[in-house]
Amino acid sequence: MIDKQFKKEAFKESVKENVKFLYRKKLEEATQEQIFQAVCYTVKDVIIDNWLETQNAYKEQDPKTVYYMSMEFLMGRALGNNLINLTAYKEVKEALDELGLDLNVIEDQEPDPALGNGGLGRLAACFLDSLATLNYSAYGCGIRYRYGMFKQQIKDGYQVEVPDNWLKDGYPFELRRPEYAKEVHFGGYVDVEYDPATGSNKFVHKGYQAVKAVPFDMPIVGYNNKIVNTLRIWDAEPIVDFELDSFDKGDYKKAVEQENLARNIVEVLYPNDNHMAGKELRLKQQYFFVSASLQAAIDKYKKNHKDIMKLHEKVTFQMNDTHPTVAVAELMRILMDEEGLGWDDAWSVTTKCVAYTNHTIMAEALEKWPVELFSRLLPRVYQIIEEINRRFILDIQAKYPGNYDKIKKMAILYDGQVKMAHLAIVAGYSVNGVAKLHTEILKKQELKDFYEMMPEKFNNKTNGITQRRFLLHGNQLLADWVTDHIGPEWITDLSQISKLKVYVDDEKAQQEFMNIKYQNKVRLAKYILEHNGVEVNPRSIFDVQVKRLHEYKRQLLNILHVIYLYDQIKKHPEMDFYPRTFIFGAKASAGYARAKKIIKLINSVADVVNNDASIEGKLKVVFIENYRVSNAEMIFAAADVSEQISTASKEASGTGNMKFMLNGAPTLGTMDGANVEIVDEVGKENAFIFGLSADEVINYENNGGYDPRVIYNTDDEIRQVLTELVNGTFSSDTELFRDLYNSLLNQNGGERADQYFILADFRSYAAAQKKVEEAYKDEKGWARMAMLNTACAGKFTSDRTIQEYVDDIWHLDKVFVK
Ligand code: 26V
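Rules of the game
Residues numbered from 1 in each chain as written. Predicted model: local features only at pLDDT ≥ 70, side-chain atom pairs only at ≥ 80, totals over all residues. UniProt positions renumbered as here; feature names shortened; annotations may be inferred. Helix = DSSP H or I, 4+ residues; strand = E, 2+ residues; numbered from the N terminus. Pairing = 2+ DSSP bridges. Domains from an automatic or database assignment. Contact = placed C-beta atoms within 7 Å. Nonpolar A, V, L, I, M, F, W, Y, C, P; charged D, E, K, R; others polar. Near = placed C-beta within 6 Å. Buried ≥ 20, exposed ≤ 12 C-beta atoms within 10 Å, placed from the backbone.

Some thoughts on the UniProt feature "modified residue: N6-(pyridoxal phosphate)lysine" (unreviewed entry) in the chain
Inference 1: Per the UniProt record, the feature "modified residue: N6-(pyridoxal phosphate)lysine" (unreviewed entry) sits at K659.
Inference 2: You can see K659 is positioned in helix 25 (residues 656-662).

Below, the structure written as structure tokens:
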């Protein structure tokens, strides 16, 4: 079903027309960037028609809608993905070929919209793709940051952050919608006024600063179903243009402040995940997009519905982590102060409309706001939270009379702080974790008291990824091969991919499969040569760890093991060793010194190892600069081994693990997050599992940790590796890696020695790595294992995840567009 605009001749004409129209140029004179814009406009034409049709269908069929509220949407490039979902990719590629243009090069012109940090933001993007593909009415609600995730440069081995001005040439797929602008209020105070109309008091917010929230809409194209949903991201503008006039009225200061407020609010994405800093601007961002999104949702509902008490029948708000949970109180405020409901009615509606997903148990990430800051910035919203808290404490007392410990642990307001997770759980009708193990840890540990009091709210929704981007677009060779063998149904029903199982022992299929992997490795090797100037052998094992840099993800364990292998090869040059390329990609949050030091270490080790002729290229280490969605697609396709080595219990789910698996890379990992379920699906004989279990880690933690010095003192090879951090092997400055060395051996303030159990797991990791090597040498055995990983990845599609959210939480209706 190809749209007529994508017939080759029509497409070519349209691109030429757009170049002429936009740039007053002939095709031959246009730059690649201009051609990119012209191609996007042609594609956008088709999308706009479907977008209108979809909105009409929604108007007619009036389905329930989910609003996915998220501070982050890590969308990645749109052009290629839109063509894939419009089923026009090949047609367009050929048409461009005929014009002497290369679609890959054109795709590379697009800035990579990086309005997110990592897993949580990318998950939101996969969910939008699945919602549209499964014919559900959905909005993504977020912020149009001027600067998304920074660009990472590596200079002298160090990370340097460069602002990413993704909007500088204009973004072709967005649409400004000023007619839907909303006002958002900050600061000021609350007055109580008698309202003669109702005979009761009302609360009036006065003396505030106002910001205008202006929405930009981005189309979310469903796969081959004519559905186009909307990602609505909010920009901020001052309410009044700067008026000289106001100087005389004494409003000068206020005018400047409102201008500054608007300018600052959407300026930049906070580039740290898993660390809460308590910055006022961050709370402003949260309230800004939440308030605007709720106002828009309620306005839309009221267009076709009279009874606000039935809001929950047509609308549900999913809160992506605690970041948007101020929505609870803001919805109460709108329902009471603007819609005129009383407390009980407003609470009844709110608690049927909001649901919460938890994405981490890392204590540093839990959002708690100082009461002083919160009440100053959002006085009316704070008042409402006080009342929610007061009533909740009465509930606790009723259920646990005299148990003040429960109040201390569960109150929303305690110790001068507003605890956002508690607010979300108390008001939410659903609380979910993102993988089985994670949900169990929430129920048994982190949120134990809440689970005990309201078990019915808790449920698991194991994460997933979209196979459209991460196989069909990212690995076109493998996608075609899969379709040749089992037909195209896997594109919208990934459970079908299990049909590949009949081929895992077929030698021809094995060879084809591994040959595709080889070609993808050649493609990545070329990228590495171009970007790193390092030559890597595509016949070597590509062992890959790509994800945000965090101590709990243990990139340090990986690189220490590389040092260990290097020592072994140096000591036993005759030793049988299968060539290995260790590939890293990771951004560290700008203020996270230790994480940045780990990047420097990886690059220092790479320098030494890659330039040591004596090891004859057996070992290579590559740090890929600026890891992001667009190069991720290529990296997953080329990986032989998927490193998922977090300290057990710390990684809520992981989603990279699923992308590797789908692309035929077995997992080398701990029993953490969704790794557990990956092993359930593929069998433990087709993965390389090592390390402490989550229970063991939690046990140690509850009993004061463990003593890494015992290992240091008894294991000569580990001691040797650690010594090389501080004896000049990788830097003439022997102090450079001292902090890393110390972190493994010494306790420091509240921080235990080796708090992520790196030395505890080292031997078991090294043994698992040895098994990888042995397994890889068995070509057929490896091909079988790789194919089984692809064939068993069906569960990990975000289509499955979304269907579970729909069935258990959202209860949406399917919509069909003619
Ligand atoms: C937290 C914070 C804390 C305050 C500063 C800014 C900021 C930004 C993001 C976050 C989110 C941390 C939670 C997170 O990203 N969790 C990841 O969620 C993935 C999707 O569920 C999951 O696969 C990963 O395991 C989990 O780490």
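Structural notes on the pairing of strand 9 (residues 209-221)
Inference 1: Inspection of the sheet shows strand 5 (residues 175-176) paired to strand 9 by 2 bridges, in the antiparallel sense. Of the residues in strand 9, the one forming a bridge with R176 is F216.
Inference 2: With 5 bridges connecting them, strand 6 (residues 182-186) and strand 9 associate as antiparallel partners. Considered in strand 9, the bridge of V184 is made with V211.

A word on the domain arrangement of the chain
Inference 1: Each domain of the chain was delimited in the assignment, giving domain 1 (1-61 + 78-111), domain 2 (62-77 + 112-463 + 803-810) and domain 3 (497-796).
Inference 2: The distance between the C-alpha centroids of domain 2 and domain 3 comes to 36 Å.
Inference 3: Contacts between domain 2 and domain 3 engage 38 residues on the former and 34 residues on the latter.
Inference 4: Those elements that place two or more of their residues in the side of domain 2 that touches domain 3 are helix 6 (119-133), strand 3 (151-155), strand 4 (158-162) and helix 17 (436-446).
Inference 5: Residue contributions to the side of domain 2 that touches domain 3 peak at 5 residues, all from helix 17.
Inference 6: Each residue belonging to the side of domain 2 that touches domain 3 can be placed in one class, and the counts come to 13 nonpolar, 18 polar and 7 charged.

Describing the site of the ligand
Inference 1: In the vicinity of the ligand, 23 residues are found, and the nearest of them are G119, L120, D273, H359 and S653.
Inference 2: Classifying every residue of the shell around the ligand gives 7 nonpolar, 13 polar and 3 charged.

Concerning the pairing of strand 3
Inference 1: Where strand 3 and strand 4 come together, 5 bridges link them in antiparallel fashion. In the strand pairing of strand 4, K155 is matched with Y158.
Inference 2: Taking the residues that link successive antiparallel strands as the turn, the strand 3-strand 4 hairpin has 2 residues, and the phi of D156 there is positive, at about 55°.

Considerations on the environment of R469
Inference 1: Residue position: R469 is located in helix 19 (residues 467-473).
Inference 2: Taking the C-beta count within 10 Å as the criterion, R469 has 25 such neighbours and is therefore assigned buried.
Inference 3: Taking C-alpha positions, R469 is 51 Å from Y404, a pair spaced 65 residues apart along the chain.
Inference 4: Setting aside residues no more than four positions away along its own chain, R469 makes contact with G76, N81, D129, G474 and E633.

Considerations on the environment of D195
Inference 1: For D195, the location among the structural elements is in strand 7 (residues 189-195).
Inference 2: By the C-beta count within 10 Å, which is 11 here, D195 ends up exposed.
Inference 3: When the C-alpha positions of D195 and E387 are compared, they lie 21 Å apart, and in sequence the two are 192 residues distant.
Inference 4: Non-local contacts of D195, meaning those with residues more than four positions away in its chain, are made with S200, N201 and K202.

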